[in-house]
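Survey of secondary and tertiary structure
Here is how the chains run, residue by residue.
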Amino acid sequence: MTYQEVLANARTCMGPHCKSCPTCNGLACRNTMPGPGAKGIGTGFIRNYQKWQELCVNMDTICENKPVDTSFTLFGQTAALPVFAAPVGAMQLHYGDKYDDLAYNDILVAACAEAGIAAFTGDGTNPAVMEAAAEALKKQHGRGVPTIKPWNIETIREKLALVQAAEPFAIAMDIDAAGLPFLKNLQPPAGSKTVEELKEIVKMAGRPFILKGIMTVRGAEKALEAGAAGIVVSNHGGRVLDQCPATAEVLPAIAGAVGGKMAILVDGGIRSGLDVFKALALGADAVLIGRPFVNMVYGGGAEGVRVYVEKLKAELADAMAMCGAHSLAEIRRDMIFGY
């Protein structure tokens with residue numbers, strides 16, 4: 001299958017909220033929640049996407065003619081390119097009845113590992129979601145990152161024990177998930193965490209811990225103080241707070257403050273290998289991509305994931321070659337225009 005064929009097939013089984021648009025930019029789903037849209041007036045998702053498109057790349061082919069290397073290593077795991085599938089949950093609520101969270105994670109984790117990258121898995125109010133994610137990760141010898149919601153400490157301890165058995169190479173928490181409307185007033189409770197509470201959670205994790213949902217320099221510094229090995233610059237796709245800046249807008253300052261001290265990942269509106277290049281030029285070490293992987297799984301299963309990863313890799317390699325970067329380490333801020 002081609003990328004366009006997978007996307008077309010996804011349109012036959014997605015919905016009613018997600019339209020599997022040719023360009024996943026938040027315009028059609030806008031403020032549809034439940035659904036994949038953003039909170040409030042729905043501009044958060046749209047702004048994330050648009051800001052990457054406003055950045056241009058500086059072409060420079062006066063350089064040595066040699067192969068481009070897109071490989072990336074994080075916490076001892078080497079990947080074909082600096083891309084992870086982002087954690088996505090409540091599949092049937094947001095995307096359609098074809099897959100529940102358990103089936104989606106099972107396909108995604110295996111397909112990403114086969115394609116040479118890794119997936120972050122989601123969490124949910126149903127304990128079976130994390131149990132299935134842990135099982136999927138175990139099948140792939142821990143190649144993936146389970147992502148735990150910011151529950152109360154007792155629930156976090158239980159979920160950590162569950163996923164540790166799968167021996168993942170890292171564990172994450174989407175700390176901003178406390179703002180998701182469908183988690184309000186639910187049991188177990190989810191909410192913000194202090195630096196001291198996070199220190200305890202990092203210690204319990206017993207392996208590299210990634211905090212997802214960082215949007216300020218101060219937030220990044222607090223994550224570093226808590227002992228996090230990495231962060232994801234993320235506003236949860238605009239789904240937790242209306243009218244946030246785009247991740248591309250805050251990434252450079254955050255990278256300037258904590259770059260080299262911890263791994264910096266970013267998500268939000270990243271769709272192509274060219275977007276990946278721009279994110280790395282702004283200071284990210286790698287990116288997370290969410291909704292497009294949903295389309296690929298719904299439209300083509302494991303084959304859809306493979307097709308999309310190959311597309312991203314080809315686009316990233318082309319951008320690197322045309323800008324004079326032969327490795328990820330050679331991608332520099334001056335290779336983009338418009339920031």
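The following refers to the structure shown.

The rules behind the values
- Residues numbered from 1 in each chain as written.
- Predicted model: local features only at pLDDT ≥ 70, side-chain atom pairs only at ≥ 80, totals over all residues.
- Heavy atoms only, no water.
- Helix = DSSP H or I, 4+ residues; strand = E, 2+ residues; numbered from the N terminus.
- Buried < 20%, exposed > 50% of the residue type's maximum accessible area, 1.4 Å probe, protein only.
- Phe/Tyr/Trp six-rings, centres within 6.5 Å; stacked < 30°, edge-to-face > 60°.
- Lys NZ or Arg CZ within 6 Å of the ring centre and 35° of its normal.
- Salt bridge = Lys/Arg side-chain N within 4 Å of Asp/Glu carboxyl O.

Looking at the environment of A317
Its place among the elements puts A317 in helix α11 (residues 291-323). Given a relative accessible area of 22%, A317 falls into the partly exposed group. Spatially, the C-alpha atoms of A317 and E167 are 32 Å apart, while their sequence positions differ by 150 residues.

Quick notes on the packing of aromatic side chains
For the structure shown, the criterion picks out five aromatic pairs. Measuring from ring centre to ring centre gives 5.9 Å for Y3 and Y308, while their planes differ by 25 degrees; the resulting arrangement is stacked. Of this pair, Y3 sits in helix α1 (residues 3-10) while Y308 sits in helix α11, placing them 305 residues apart in sequence. Comparing Y3 with Y308 shows no difference in burial state: the two are buried. When the centroid spacing of 5.5 Å and the interplanar angle of 80 degrees are considered together, the rings of F84 and F120 count as edge-to-face. Taken together, the residues F84 in strand β4 (residues 83-85) and F120 in strand β5 (residues 118-121) connect sequence positions 36 residues apart. Among the aromatic residues, those joined into a ring-pair cluster are Y3, F293 and Y308. Positioned over the ring face of Y3 is K311, at 4.7 Å from the centre of the ring.

Notes on the pattern of salt bridges
Under the criterion given, the structure shown has 15 salt bridges. K51 is the partner of E54 in a salt bridge, and the nearest nitrogen-oxygen pair spans 3.2 Å. You can see E54 and its partner K51 sitting in helix α2 (residues 43-54), three residues apart, about one turn around the helix. Between K149 and D174 there is a salt bridge, with its nearest N and O atoms 2.8 Å apart. In this pair, K149 sits in the loop between β6 (144-148) and α6 (153-164) while D174 sits in strand β7 (residues 171-174), placing the two residues 25 residues apart along the sequence.

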